[in-house]
Amino acid sequence: MDLARILNYRRAVRIYDRGRQLDTEKVKRCLELATLAPNSYNMQLWEFYHVTQPELLAKLSKACLDQTAVSTASQIVVFVARQDLHKKRAKSVLDFETGNIQRNSPEERQEKRIKDRKLYYGMVMPFLYTHFLGVIGLIRILITGVIGIFRPIFRQVSENDMRVVVHKSCALSAQTFMIAMANEEYDTCPLEGLDSKQVKKILKLPSGAEINMVISCGIRKGNEGIWGERYRVPFEEVYRQL
Ligand SMILES: Cc1cc2nc3c(=O)[nH]c(=O)nc-3n(C[C@H](O)[C@H](O)[C@H](O)COP(=O)(O)O)c2cc1C
């Protein structure tokens, strides 16, 4: 399929054909493609829980308020935002980037570039992603506020802002996954109508993990699978050319 056809094919499917199963390996490959999504600072603060076991699917269905998009799904993927893994991810990006610079940068520039990356992933990232009762966010706001008097600076640094940063990137991986699934003519439905506390408990997630989106998967049940025609507000209402 070409991209326009894939995007038109993808719909939020609310009823799946229970008689048609998905190839688990294909779904896994779609998740591998999801990791190619652009993401903030390349920190990749996401995890994907690919659920295929019937008893876990039943539990998740309950936690997702028994919506038919979940109760009829043959597989479910839970996209989890992992801000709590920022130190681990920063270290692995720094390790990779150090090698990347050594392999691909001109020798005379390597030292400075590696030093910059160390500053970035060794100090700036931990400072941005650390949180403690809003206090560290307030310190960041003060610092950026002062620097911002003299030059443009990234200002979305409160602890809530940083949660948005992490969830935004995770949602991009979720969208990439849904597009990859549509390319296989597999259907999905993204959901946030759920009890996140219960979902975390079912998946045995640590307290620092946050549910970004649950995506049910299956193959649509004919016309019944979709709630009628697709609605979008007129394009002119959302498009501004400047
Ligand atoms: C973040 C997010 C949360 C959603 N939550 C639900 C949900 O809980 N239940 C549901 O049936 N659909 C849910 N949807 C699907 C939307 O209702 C659907 O994408 C929208 O109506 C547009 O339809 P389309 O995806 O077929 O183009 C959600 C979509 C997104 C992006």
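Some remarks on the environment of R5
Part 1 of the argument: Counting through the fold element by element, R5 comes out in helix α1 (residues 3–9).
Part 2 of the argument: When the C-alpha atoms of R5 and N183 are compared, they prove to be 8.8 Å apart, with 178 residues separating the residues in sequence.

With respect to the packing of aromatic side chains
To describe a pair of aromatic rings, one takes the distance between the centres and the angle between the planes.
Part 1 of the argument: This model, assessed by the stated rule, comprises seven aromatic pairs.
Part 2 of the argument: Summarising the aromatic geometry, the rings of Y41 and Y129 are spaced 6.3 Å apart at their centres and angled 85 degrees between planes, so their arrangement reads as edge-to-face. Placement of the pair is Y41 in the loop between α2 (24–34) and β1 (46–51) and Y129 in helix α6 (residues 107–129), with a sequence separation of 88 residues.
Part 3 of the argument: Of the aromatic side chains, those joined through ring pairs into one cluster are Y41, Y120, Y121 and Y129.
Part 4 of the argument: A cation over an aromatic ring shows up here: R103 above the ring of F96, its NZ or CZ 5.8 Å from the ring centre.

Notes on the side chain of S169
Part 1 of the argument: You can see S169 is positioned in helix α8 (residues 159–183).
Part 2 of the argument: Using a relative accessible area of 9% as the deciding quantity, one classes S169 as buried.
Part 3 of the argument: In terms of polar contacts, S169 uses its side chain to reach the backbone amide nitrogen of S40, at 2.8 Å.
Part 4 of the argument: Look past the residues within four positions of S169 in its chain and what remains in contact with it is P38, N39, S40 and W46.

Section: the site of the ligand
Part 1 of the argument: Taken together, the residues surrounding the ligand are R10, R11, A12, R14, Q67, C189, P190, L191, E192, G193, R230 and R232.
Part 2 of the argument: Contact between the ligand and G193: an oxygen atom at 3.0 Å from a main-chain N or O atom of the residue.
Part 3 of the argument: For the ligand, whose accessible area on its own is 620 Å², the fraction buried by protein is 69%.
Part 4 of the argument: Across the shell around the ligand, the residue classes break down as four nonpolar, two polar and six charged.

Some words on α8
Part 1 of the argument: The terminal C-alpha atoms of α8 lie 37 Å apart, and with 25 residues this matches the ideal 36 Å at 1.5 Å per residue to within 8%.
Part 2 of the argument: E185 sits one or two positions beyond α8 and adopts a positive phi of about 60 degrees.

Remarks on the packing of α6 against helix α7 (residues 135–150)
Part 1 of the argument: Taken N-terminus to C-terminus, the directions of α6 and α7 make an angle of 120 degrees; their axes are 9 Å apart at the nearest point. Classified by the angle their axes make, α6 and α7 are oblique. For the pair formed by α6 and α7, the contact residues are F127, L128 and Y129 on the first element and I136, I139, R140 and I143 on the second.
Part 2 of the argument: Class assignment of the residues belonging to the contact of α6 with α7 gives a composition of six nonpolar, no polar and one charged.

Quick word on helix α5 (residues 86–104)
Part 1 of the argument: When the terminal C-alpha atoms of α5 are compared, their 26 Å separation across 19 residues agrees well with the 27 Å that a helix rising 1.5 Å per residue should span.
Part 2 of the argument: Along α5, the residues classified as buried are H86, R89, A90, V93, L94, E97, T98, G99 and I101.
Part 3 of the argument: As for α5, its buried residues are in contact with β1 and α6.

Observations regarding the side chain of D187
Part 1 of the argument: Within the secondary structure, D187 is located in strand β3 (residues 187–191).
Part 2 of the argument: Among the residues examined, D187 registers a relative accessible area of 2% and is labelled buried.
Part 3 of the argument: One polar contact links D187 to R220, side chain to side chain, over a distance of 2.6 Å.
Part 4 of the argument: Here D187 is in contact with Y9, V13, Y16, M181, S216, C217, G218, I219 and R220, once residues within four sequence places are set aside.

Each value, and the rule that gives it
- Residues numbered from 1 in each chain as written.
- Predicted model: local features only at pLDDT ≥ 70, side-chain atom pairs only at ≥ 80, totals over all residues.
- Heavy atoms only, no water.
- Helix = DSSP H or I, 4+ residues; strand = E, 2+ residues; numbered from the N terminus.
- Phe/Tyr/Trp six-rings, centres within 6.5 Å; stacked < 30°, edge-to-face > 60°.
- Lys NZ or Arg CZ within 6 Å of the ring centre and 35° of its normal.
- Buried < 20%, exposed > 50% of the residue type's maximum accessible area, 1.4 Å probe, protein only.
- Polar contact = N/O pair within 3.5 Å; in protein donor to acceptor, adjacent residues only side chain to side chain.
- Contact = heavy atoms within 4.5 Å.
- Near = heavy atom within 4 Å.
- Areas by Shrake-Rupley, 256 points an atom, 1.4 Å probe, with all protein chains shown as cover.
- Nonpolar A, V, L, I, M, F, W, Y, C, P; charged D, E, K, R; others polar.
- Expected span 1.5 Å × (residues − 1).
- Axes fitted to C-alpha atoms, helices over the stretch in contact; angles between N-to-C directions.
- Parallel < 35°, antiparallel > 145°, perpendicular 65-115°, else oblique.

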